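Residue-level listing of the chains:
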Amino acid sequence: MKRIVGRLLLVTFSSAAALLPFTAAAVAEAPQASEVSIWSKVRGSLFAGRTINENAADIVQLDAPSRAEDASTVPIAIRTQLAQTPDRYVRKLYLLVDNNPSPIAAVFELTPDSGRADIETRIRVEQYTDVRAIAELNDGSLYMASRFVKASGGCSAPAGKDPVEALRNAGRIKFRVDGPVVAGKPTIAQLAISHPNASGLVLDQVTRLYEPAYYVRKLNVSYAGRPVLSADIDFSISENPNFRFYFVPTGDGELRAEVVDTKDLSFDSQVVVKLGGVASAIQ
Amino acid sequence: MNRSGIGLLLAAIAATLSTEATADRFTLESPAEGVYLHRGAQADASPANGGDIANIGFIIGSRCVAVIDSGGTAAIGSALLAAIRKLTDKPVCYLIHTHVHPDHGFGDSAFAGSDTVFVAHAEFPAALAARRDHYRAALRQTLGDAASGSEIAVPTRLISGEQTLDIGDRTLVLRAWPTAHSNTDLTVFDLRTQTLWTGDLLFVDRIPVVDGKALGWMMAIDALIAMKPAHLIPGHGPPSRSAEVAFTAQRNYLHKLITECRSALGNGITLSGAVETIGFDENKHWLLFDEYHRRNVTAVYTELEWEE
């Protein structure tokens, strides 16, 4: 039944477009018709049979621009509304981009030592899409926030702006902690990884060009030897993957990030965190 | 006939009408001897303008014609070819792409299958392969059936550094630039009339779009001004006769983006914060500011994050 409704909608759009003066908006609305089925597929594979609470602003919120200004770099922020405590904490955050070729952009794992389960990053947006953040608490309950993001127009493509340079610089890391660092207080760290993070080129029928996908697939961050954040990510995360997240400093200790890409190259970076200080490292 | 059949028929009629309309009102001006320019609308592609939004044109030599960019659809490319045929029977020996963007290249279809050699920056084929599907879908979404048949050709003559083309008693100097407006920028300089075809290294009145690197673009601007061309043909906007004057607004805008993004990065302002605060006083200088300014801030901020 759902398919028939979708088809009727498309017919209506094409007739309207021919009969009435064309408007970009009317034509551009059309791709939304397929969204429901993509989400239901992803939902089935990740959360089969589980309830997802969609009125969950008291648990998780998602900030995203209504329009993807630059298709290759759309800043988003997942903001959770509870403190991470051993009794009750967000243990996973799923970041989904329905209409991207690979809809599961990232799965973050967090701990009580994360302090806050907030993540800011940047994603590629291929076309009009729902972006979803789903928080899984330690009791297994699920909460979702979603935002509809309009695609950018014209010459904005999700491809990298200088792939030759991106490849040359792959593996550089900038890691910084925004202080002042106070013991016991959730503190923001920013991890920037220079990497093409590319889906690779599909085999172009005309140019015969082909490049395999090359992206960061795994991220592990620890503080004083205890895990703070880990993530499985893919090429829906923008070139030069960039993450802002929290950790809870307890005293002087080392914040350490390890990054592994799809060529199994690993890169790491450490920041020595001192109470009262601001720290950064570039590798 | 069912509803979808009627829709298709009407769309086909609309597409035919728009092709004819494109040919009818295809304007041409000649800023210098043997140099012909068709100016696109200073707007985003829409059904109303049929995707005719970029400056395109050609240069006539004693042996043949060099086309510089083919326009945003097959229909525009056909109109350009028709305009050439009103002036000369000489073959189109080269079609030179100033960069990979779709508003400049989807008219290639009109020149395919002839003896035309497609010429572009060495990075063009890879850039096209990475973007082609996206550009096709966007064109289809924006123009519907008026997009039909539009394809960007894969160039076979690739330019690195500086190379010349001879079109018969007339030498064109082609220069491939390091990443600036895009990573595929190529300029064409006609030695006879000292006319510089900048492609999108120069936007006049319409807001520049950073799809490459602002720092590289600033260096390219200085080098282009130093060439002291007698005529400049920008990628968008009117031609002019002074590079110093023509580049001023764009240079100021890019300089402001660079300065303010650097400052935001130094002060720990996030990308989202920068996008909502930087450069809005430039609004008064530019067409399509709301459509492209935030995107430019995004591009420049993320470029400068990795500055040494």
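Here is what the cut-offs are and how they apply
- Residues numbered from 1 in each chain as written.
- Chains lettered and ligands numbered in written order.
- Predicted model: local features only at pLDDT ≥ 70, side-chain atom pairs only at ≥ 80, totals over all residues.
- Heavy atoms only, no water.
- Salt bridge = Lys/Arg side-chain N within 4 Å of Asp/Glu carboxyl O.
- Helix = DSSP H or I, 4+ residues; strand = E, 2+ residues; numbered from the N terminus.
- Expected span 1.5 Å × (residues − 1).
- Buried < 20%, exposed > 50% of the residue type's maximum accessible area, 1.4 Å probe, protein only.
- Pairing = 2+ DSSP bridges.
- Axes fitted to C-alpha atoms, helices over the stretch in contact; angles between N-to-C directions.
- Polar contact = N/O pair within 3.5 Å; in protein donor to acceptor, adjacent residues only side chain to side chain.
- Contact = heavy atoms within 4.5 Å.
- Phe/Tyr/Trp six-rings, centres within 6.5 Å; stacked < 30°, edge-to-face > 60°.
- Lys NZ or Arg CZ within 6 Å of the ring centre and 35° of its normal.
- Disulfide = S-S within 2.5 Å.
- pLDDT = per-residue confidence, 0-100.

## A look at the pattern of salt bridges
- Counting across every chain of the model gives 35 salt bridges over all chains.
- Arg244(A) is paired through a salt bridge with Asp178(A); the nearest N and O atoms lie 3.6 Å apart. Of this pair, Arg244(A) sits in strand β13 (residues 242-247) while Asp178(A) sits in the loop between β9 (173-177) and β10 (187-193); the two residues are 66 residues apart in sequence, bridging distant segments of the chain.
- Note that Glu276(B) is salt-bridged to Arg294(B), the shortest N-O span being 3.7 Å. Of this pair, Glu276(B) sits in helix α7 (residues 271-277) while Arg294(B) sits in helix α8 (residues 289-304), placing them 18 residues apart in sequence.

## Some thoughts on α8(B)
- Helix length check: α8(B), at 16 residues, gives a terminal C-alpha distance of 22 Å against a target of 22 Å (1.5 Å per residue), a fit within 8%.
- The buried fraction of α8(B) amounts to 13 of the 16 residues, a majority that puts the element mostly inside the structure.

## Thoughts on the sheet that holds strand β11 (residues 195-203) of chain B
Residues and elements named next belong to chain B.
- Pairing is mixed across the open sheet formed by 5 strands, whose spatial order is β8-β9-β10-β11-β12. The open sheet has two edge strands, β8 (162-166) and β12 (231-236), and neither has a second partner. When strand polarity is set aside, the average angle formed by the axes of neighbouring strands in this sheet is 25°.
- Of the pairings in the sheet, the one linking β11 to β12 comprises 5 bridges and is parallel in character.

## Description of the side chain of Arg170(B)
Residue and element names in this part refer to chain B.
- Relative to the helices and strands, Arg170 is located in the loop between β8 and β9 (171-176).
- Using a relative accessible area of 1% as the deciding quantity, one classes Arg170 as buried.
- There is a polar contact of 3.1 Å between the side chain of Arg170 and the backbone oxygen of Ile60.
- In this structure Arg170 touches Glu33, Gly34, Val35, Ile59, Ile60, Gly61, Leu165, Asp190, Arg192 and Thr193, once residues within four positions along its chain are discounted.

## Things to note about the packing of aromatic side chains
- The final tally for this structure, using the stated rule, is 9 aromatic pairs over all chains.
- Ring plane angle 75° and centroid distance 6.0 Å describe the contact between Phe108(A) and Phe243(A), whose orientation is recorded as edge-to-face. Here Phe108(A), found in strand β5 (residues 104-110), pairs with Phe243(A), found in strand β13; they are 135 residues apart in sequence, far enough to count as distant. Each member of the pair, Phe108(A) as well as Phe243(A), carries the same accessibility label: buried.
- Here the guanidinium or amino end of Lys263(A) rests over the ring plane of Tyr214(A), the centre of that ring lying 3.9 Å away.
- Above the plane of the ring of Trp177(B) lies Arg175(B), whose end atom (NZ or CZ) is 4.0 Å from the centre.

## A short note on the sheet that holds strand β4 (residues 65-68) of chain B
Residues and elements named next belong to chain B.
- Strand order in the open sheet formed by 7 strands is β1-β2-β3-β4-β5-β6-β7, and the pairing between neighbours is mixed. The open sheet has two edge strands with one neighbour each: β1 (29-32) and β7 (157-159). Going from strand to strand, the sheet's axes swing by 25° on average, the running direction of each strand aside.
- When β1 meets strand β2 (residues 35-38), the two strands line up antiparallel, connected through 2 bridges. Along β2, the bridge assignment pairs Glu29 with Leu37.
- Those strands touched by helix α2 (residues 74-87) are β2, β3 (56-60), β4 and β5 (92-96), and its axis lies near 30° from that of β3.

## Considering unusual backbone geometry
- The phi dihedral of Asn197(A) is positive, around 45°, even though this residue is not glycine.
- Along the chain, the position of Asn197(A) falls in the loop between β10 and β11 (216-223).
- Residue Asn197(A) is classed as buried on the basis of its relative accessible area of 0%.
- Located in the positive-phi region is Asp205(B), a residue other than glycine, with phi close to 75°.
- Looking at the secondary structure, you find Asp205(B) in the loop between β11 and α5 (214-226).
- Exposure remark for Asp205(B): the relative accessible area of 40% places this residue in the partly exposed category.

## Comments concerning the side chain of His101(B)
- Tracing the backbone shows His101(B) in the loop between β5 and α3 (102-105).
- Within the structure, the side chain of His101(B) is placed 3.3 Å from the side chain of His99(B), a separation counted as a polar contact.
- Excluding its chain neighbours within four sequence positions, the residues that come into contact with His101(B) are Cys155(A), Tyr135(B), His181(B), Ser182(B), Asp200(B) and Asp211(B).

## So, the state of the cysteines
All names here are of chain B.
- Per the stated rule, a full pass over the model turns up 1 disulfide over all chains.
- Across the disulfide from Cys64 sits Cys93; the S-S distance is 1.9 Å. With the S-S dihedral at roughly 65°, the linkage between Cys64 and Cys93 falls on the right-handed side. With a gap of 29 residues between them, Cys64 in the loop between β3 and β4 and Cys93 in strand β5 connect regions that are remote in the sequence. Each member of the pair, Cys64 as well as Cys93, carries the same accessibility label: buried.

## A short note on the pairing of β3(B)
Residues and elements named next belong to chain B.
- Burial of β3 is extensive: 5 of the 5 residues sit out of reach of the surface.
- Here β3 shows a buried face lined by Ile56, Phe58 and Ile60 and a second buried face lined by Gly57 and Ile59.
- Bridge count between β2 and β3: 4 bridges; the pairing is antiparallel. Across the sheet, residue Leu37 finds its bridge partner in β3, namely Gly57.
- Pairing analysis gives 4 bridges linking β3 to β4, with the strands arranged antiparallel. From the neighbouring strand, Gly57 faces β4, where its bridge partner is Ile68.
- Between β3 and β4, which pair antiparallel in sequence order, lie 4 residues.

## Thoughts on the confidence of the model for chain A
- In this model, chain A carries a mean pLDDT of 84, and residues with pLDDT of at least 70 account for 84%.
- Counted against residues more than four places away or in other chains, residues 1-33 of chain A, with its pLDDT under 50, gives 28 contacts.

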